[in-house]
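Understanding the architecture of this molecule
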Amino acid sequence: MKIKLLTQILIFLSFNVLAQQHYFVNVNIGSDNNLGSKEKPLKTITEATKRVNSDNQNGSAEIIVSAGRYLISETALLKNNRNLSANNRITIRAEVLPDDVNWNPQLMPTIVTAVPLHKDDFGETAFGFDIEISHVTIQGLRFLGGLDFEYMKENQLRRSYPIWRGGKNLDDLVVTQCVFMGDKYVMPLHVGIIANGNGVVVEHCVFYNCKNPVVFWLADDGVSKRDAMRNCLVYGASFSGIWTVETSNNDFDFRNNIITKSNTAWIRESSLNTKYKIYDSIKIG
């Protein structure tokens, strides 16, 4: 009986190891014709997301990005039929993370979005990462401003977003240990993270001179739930430090944040009178 149980456990563990996919990306030595292994990495993050999308086997997947400068000229779309969960997710992360003893800022992969604009309900937009599945983590990356054409053309705005999630029925997007940096005149960054759906968690991130660091947007049932912004620094936001639209006030976790040198600390939807609780945070300047 014990031998049978041990065998079942080993089979279970082996299945989970096999189910974990890894795609390595290295802009300096990689090629999109490679397998995507550590020894033969891919060159672009977009190709890595295509590989993940094309394989609908159940199981988590990691896209591991080496240090370097990555120009996103084609949207890195995540959209597939995998059976994902909170513990069985897709992660796009730096190869060396900030909590590694050997980490330094030069090891953060640097992402610049230069995707052609397309027309939508907001005007003309471009997405760097387009996350259209639930249970995704983005970790340890540095996003710079880029070709963010924020001006009016025939009464329509033109702008780009490094991280976008459009699905109002989606859940569980975690953005952690990332840096978002822009310059209003040279490399503007309109919104670092803008996401529909539920469970949008932003933590341990730095937003420097972004027009809007985070926009918590809409959800299918009318109110976005289980969202959070924790342990973040916002410096120099030219429009808002945080923007909430249909974001629940019952379970929105806003704590341990600093918003400073910004035009407005918090913007909420003008038609709503939602009141939020702020814990252990500083708003100054």
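The present account deals with the structure reproduced in this document. Everything quoted here is computed from the prediction, not taken from an experiment.

Definitions and cut-offs
- Residues numbered from 1 in each chain as written.
- Predicted model: local features only at pLDDT ≥ 70, side-chain atom pairs only at ≥ 80, totals over all residues.
- Heavy atoms only, no water.
- 1 Å grid on protein atoms, 1.4 Å probe; cavity = no way out; pocket = protein on both sides within 12 Å on 5 of 7 lines; lining within 4 Å.
- Points joined across faces, edges and corners; volume = space filled by probe spheres on them.
- Helix = DSSP H or I, 4+ residues; strand = E, 2+ residues; numbered from the N terminus.
- Nonpolar A, V, L, I, M, F, W, Y, C, P; charged D, E, K, R; others polar.
- Phe/Tyr/Trp six-rings, centres within 6.5 Å; stacked < 30°, edge-to-face > 60°.
- Lys NZ or Arg CZ within 6 Å of the ring centre and 35° of its normal.
- Salt bridge = Lys/Arg side-chain N within 4 Å of Asp/Glu carboxyl O.
- Buried < 20%, exposed > 50% of the residue type's maximum accessible area, 1.4 Å probe, protein only.
- Pairing = 2+ DSSP bridges.
- Core = buried A, V, L, I, M, F, W, Y, C linked by side-chain atoms within 4.5 Å.
- Contact = heavy atoms within 4.5 Å.

On to the layout of surface pockets. Of the pockets and cavities examined, the second largest pocket occupies roughly 190 Å³. Along the wall of the second largest pocket there are 14 residues; nearest its centre are Thr44, Ile45, Thr46, Leu71 and Ser73. Only α2 (45-54) and β3 (69-72) provide two or more residues apiece to the lining of the second largest pocket. Across the lining of the second largest pocket, the residue classes break down as 5 nonpolar, 3 polar and 6 charged.

Turning next to the packing of aromatic side chains. This model, assessed by the stated rule, comprises 14 aromatic pairs. The interplanar angle of 5 degrees and the centroid separation of 4.8 Å between the aromatic rings of Phe127 and Trp164 together place this pair among those described as stacked. Note that Phe127 is positioned in strand β8 (residues 123-131) and Trp164 in strand β12 (residues 156-165), a separation of 37 residues in sequence. Through a chain of ring-to-ring contacts, the aromatic side chains of Phe216, Phe252, Phe254, Trp266 and Tyr276 assemble into a single cluster. Taking NZ or CZ as reference, Arg255 lies 4.5 Å from the ring centre of Tyr279, over its face.

Under the defined criterion, the tally for this structure stands at 10 salt bridges. A salt bridge links Lys38 to Glu95, with the shortest nitrogen-to-oxygen separation between them at 2.5 Å. Taken as a pair, Lys38 in the loop between β1 (21-25) and α2 and Glu95 in the loop between β5 (90-94) and β6 (110-113) lie far apart in primary sequence, 57 residues in all. Judged by its relative accessible area of 47%, Lys38 is partly exposed. Residue Asp253 is joined to Arg255 by a salt bridge in which the shortest nitrogen-to-oxygen separation is 2.5 Å. Residue class for Arg255 comes out partly exposed when judged on its relative accessible area of 28%. In the salt-bridge network here, residues are joined through shared partners; they are Glu203, Arg230, Asp253 and Arg255.

This part takes up the sheet that holds strand β13 (residues 171-176). Strand order in the open sheet formed by 9 strands is β1-β2-β5-β9-β13-β16-β19-β22-β25, with parallel pairing between adjacent strands. Either end of the sheet is taken by a strand with one partner, and the two such strands are β1 and β25 (278-279). In this sheet, strand β22 (residues 253-255) lies alongside strand β19 (residues 228-230) in parallel orientation, the contact comprising 3 bridges. Paired with Arg230 across the two strands is Arg255, which belongs to β22.

The next subject is the pairing of β13. In terms of burial, β13 is largely enclosed, as 5 of its 6 residues are buried. Relative to β13, strand β9 (residues 136-139) runs parallel, the two sharing 4 bridges. Among the inter-strand pairings, Gln139 is bridged to a residue of β13, identified as Thr176. The pairing of β13 with strand β16 (residues 198-203) spans 5 bridges and is parallel.

Once that is clear, we can look at the nonpolar core. Phe129, Leu141, Phe180 and Phe207 are the most contacted members of the largest nonpolar core, which totals 54 residues. Non-local contacts of Phe129, meaning those with residues more than four positions away in its chain, are made with Ile45, Ile72, Ala76, Ile92, Ile111, Ile138, Leu141, Phe143, Pro162, Ile163 and Trp164. Counting residues in each nonpolar core, the second largest holds 9 residues, with Trp164, Val191, Trp217 and Val245 among its members.

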